[in-house]
Amino acid sequence: MSASAVFILDVKGKPLISRNYKGDVAMSEIEHFLPLLMQREEEGALAPLLSHGRVHFLWIKHSNLYLVATTLKNANASLVYSFLYKTVEVFSEYFKELEEESIRDNFVIVYELLDELMDFGFPQTTDSKILQEYITQQGNKLETGKSRVPPTVTNAVSWRSEGIKYKKNEVFIDVIESVNLLVNANGSVLLSEIVGTIKLKVFLSGMPELRLGLNDRVLFELTGRSGSKNKSVELEDVKFHQCVRLSRFDNDRTISFIPPDGDFELMSYRLSTQVKPLIWIESVIEKFSHSRVEIMVKAKGQFKKQSVANGVEISVPVPSDADSPRFKTSVGSAKYVPEKNVVIWSIKSFPGGKEYLMRAHFGLPSVEKEEMEGRPPIGVKFEIPYFTVSGIQVRYMKIIEKSGYQALPWVRYITQSGDYQLRTS
């Protein structure tokens, strides 16, 4: 079972737009949603599923909107939540930003989309590229004798249209890894994980079959290549785009698919391995006679010397009542952001193995207040091109199409900061 009706509410709980798919839940039931949500919030028992009598509300919040699905029966909750998040994604593709104003400005298109996204409570066409073929923001002129629904919707491959042609056939592959790290005041790593995504930009004619080969440890073990010479990676929590043949992957770990046209995320994965902090931060805070404070921060690049981190930003927390800032940096520039109570040290280019210093001086009316507040962690942002911290590699990309054209795959590797924080003593 799936949803009976879908509502989009403003922040006060007033329905902006709704679609009744099955007619088994009274549309007035939505009036109970916000009072119920506020009551649960006050009790500290807020949950993503709220019930009023026999009616269940499955909801998510996006910016200043609530998206709510109602159901009477024991619905497939994960399916409904996936649908609500996919609805947000589709609307964001159409309107750039999904908020109250974009819903009010595009009522007709929103109704059309709600009609196509779900049928009798079950998700139907949820691919925004396919929807954009026949639900356009320019409005539709009636053409007699022509079907408005493109054949793609009824194809076995609903995410790709037929008859696509390019003069130059190319595939661009981006392997992007985000490093999540939390280091305590003693320098011990409390949390360390890599969250990776493989994104494709596809410019291929016809209906090509693609096969992607990675240095996947399970695959190497299956094929008897798990020796010390073959560096492999053990992928966890792997999620694929709907185009990937899951049965084939389960059988022999082959990632085989007919891709959508243009940009899409092929897969995501996670590795909960102990990662050496790529940029290590040490800080010393000295206070002088209750009137000023001096902060010294040392940053060290702990990655390969041939790699360079770009756009490095180190956010150093300072007392909320600090004033009269003065900075001295061995490289880059520092600026005080009083509304966030941080100093942001920006380094455009940070080569591996290098070490840099930043000193900050502040006037301080009340040192005692700062001690009561506690100290937030130092945050680091960075991006290292041509490098993956996990060692994942694209071994091959085979492109097979019945016309037999030659296509070029291009691969780019990027490591960037995710939630990267170091606590200070």
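Residues numbered from 1 in each chain as written. Predicted model: local features only at pLDDT ≥ 70, side-chain atom pairs only at ≥ 80, totals over all residues. Heavy atoms only, no water.

Our working rule: UniProt positions are given in the numbering used here, feature names are shortened, and annotations may be inferred rather than shown by experiment.
The name an unreviewed UniProt entry assigns to the protein chain is AP-1 complex subunit mu-2, from the organism Suricata suricatta. What UniProt states about the protein chain under its Sequence similarities (unreviewed entry) heading is, verbatim, "Belongs to the adaptor complexes medium subunit family." The UniProt entry for the protein chain carries this comment under Function (unreviewed entry): "Subunit of clathrin-associated adaptor protein complex 1 that plays a role in protein sorting in the trans-Golgi network (TGN) and endosomes. The AP complexes mediate the recruitment of clathrin to membranes and the recognition of sorting signals within the cytosolic tails of transmembrane cargo molecules."

Quick notes on the nonpolar core
Operational definition: Take the buried Ala, Val, Leu, Ile, Met, Phe, Trp, Tyr and Cys residues and link them wherever side-chain atoms come within 4.5 Å; each set so joined is a nonpolar core. Each residue is assigned to one of three classes by its accessible area relative to the maximum for its type, calculated with a 1.4 Å probe on protein chains only: buried under 20%, partly exposed between the two thresholds, exposed over 50%. What marks off one domain from the next here is an automatic or database domain assignment. In this description, contact between two residues means that some pair of their heavy atoms is separated by no more than 4.5 Å.
Ile198, Leu200, Phe257, Leu266 and Ile314 are the most contacted members of the largest nonpolar core, which has 70 residues in total. Looking at which domains feed residues into this core, each of domain 2 (170-275 + 389-422) and domain 3 (279-385) gives three or more. For Ile314, the residues in contact, after removing those within four places along its chain, are Ile281, Ala299, Val343, Ile344, Trp345, Ile347, Ile378, Gly379 and Val380. Among the nonpolar cores identified, the runner-up in size contains 32 residues, and Val80, Leu84, Phe91 and Tyr94 belong to it.

Some points on helix α4 (residues 107-117)
Formally: Helix numbers and strand numbers start at the N terminus; a helix is a DSSP run of H or I with at least 4 residues, a strand a run of E with at least 2. Note that the arc is computed from the directions linking the helix axis to the C-beta atoms.
If you check which residues of α4 are buried, you get Ile109, Val110, Leu113, Leu114 and Leu117. Taken end-on, α4 shows its buried residues confined to a sector of 135 degrees, consistent with a single buried face.

Overview of the sheet that holds strand β2 (residues 15-20)
How we decide: Only strands that DSSP links by at least two bridges are regarded as paired with each other. Every angle, taken between N-to-C directions, lies between 0 and 180 degrees, and every axis is a line fitted to C-alpha atoms, over only the stretch in contact when it is a helix.
The strand order β2-β1-β5-β4-β3 describes an open sheet built from five strands, whose pairing is antiparallel. If you trace the sheet from one side to the other, it starts and ends with β2 and β3 (49-52), each paired once. Across the sheet, the mean angle separating the axes of adjacent strands is 20 degrees when strand polarity is ignored. Here six bridges tie strand β1 (residues 5-10) to strand β5 (residues 65-71), and the two strands are oriented antiparallel to one another. Residue pairing in the sheet places Phe7 in a bridge with Val68 of β5. Against the sheet, helix α2 (residues 77-95) contacts β1, β3, β4 (55-62) and β5, and its axis sits at roughly 35 degrees relative to β4.

What about the sheet that holds strand β20 (residues 355-363)?
Pairing is antiparallel across the open sheet formed by four strands, whose spatial order is β14-β15-β20-β17. Edge positions in the sheet fall to β14 (279-288) and β17 (323-329), since each of these pairs with one other strand and no more. If you compare each strand with its neighbour and ignore which way they point, the axes differ by 15 degrees on average. Two strands pair when backbone bridges link them, and strand β15 (residues 292-301) and β20 are joined in this way by nine bridges, in the antiparallel orientation. Paired with Ile295 across the two strands is Ala360, which belongs to β20.

Details of α2
Filter applied, for reference: To estimate the expected span of a helix, subtract one from its residue number and multiply by 1.5 Å.
The end-to-end C-alpha separation of α2 is 27 Å, in line with the 27 Å expected for 19 residues at 1.5 Å each. Where α2 is concerned, the buried positions are Val80, Tyr81, Phe83, Leu84, Thr87, Val88, Val90, Phe91, Tyr94 and Phe95. Lys96 occupies a position one or two residues after α2 and carries a positive phi of about 65 degrees.

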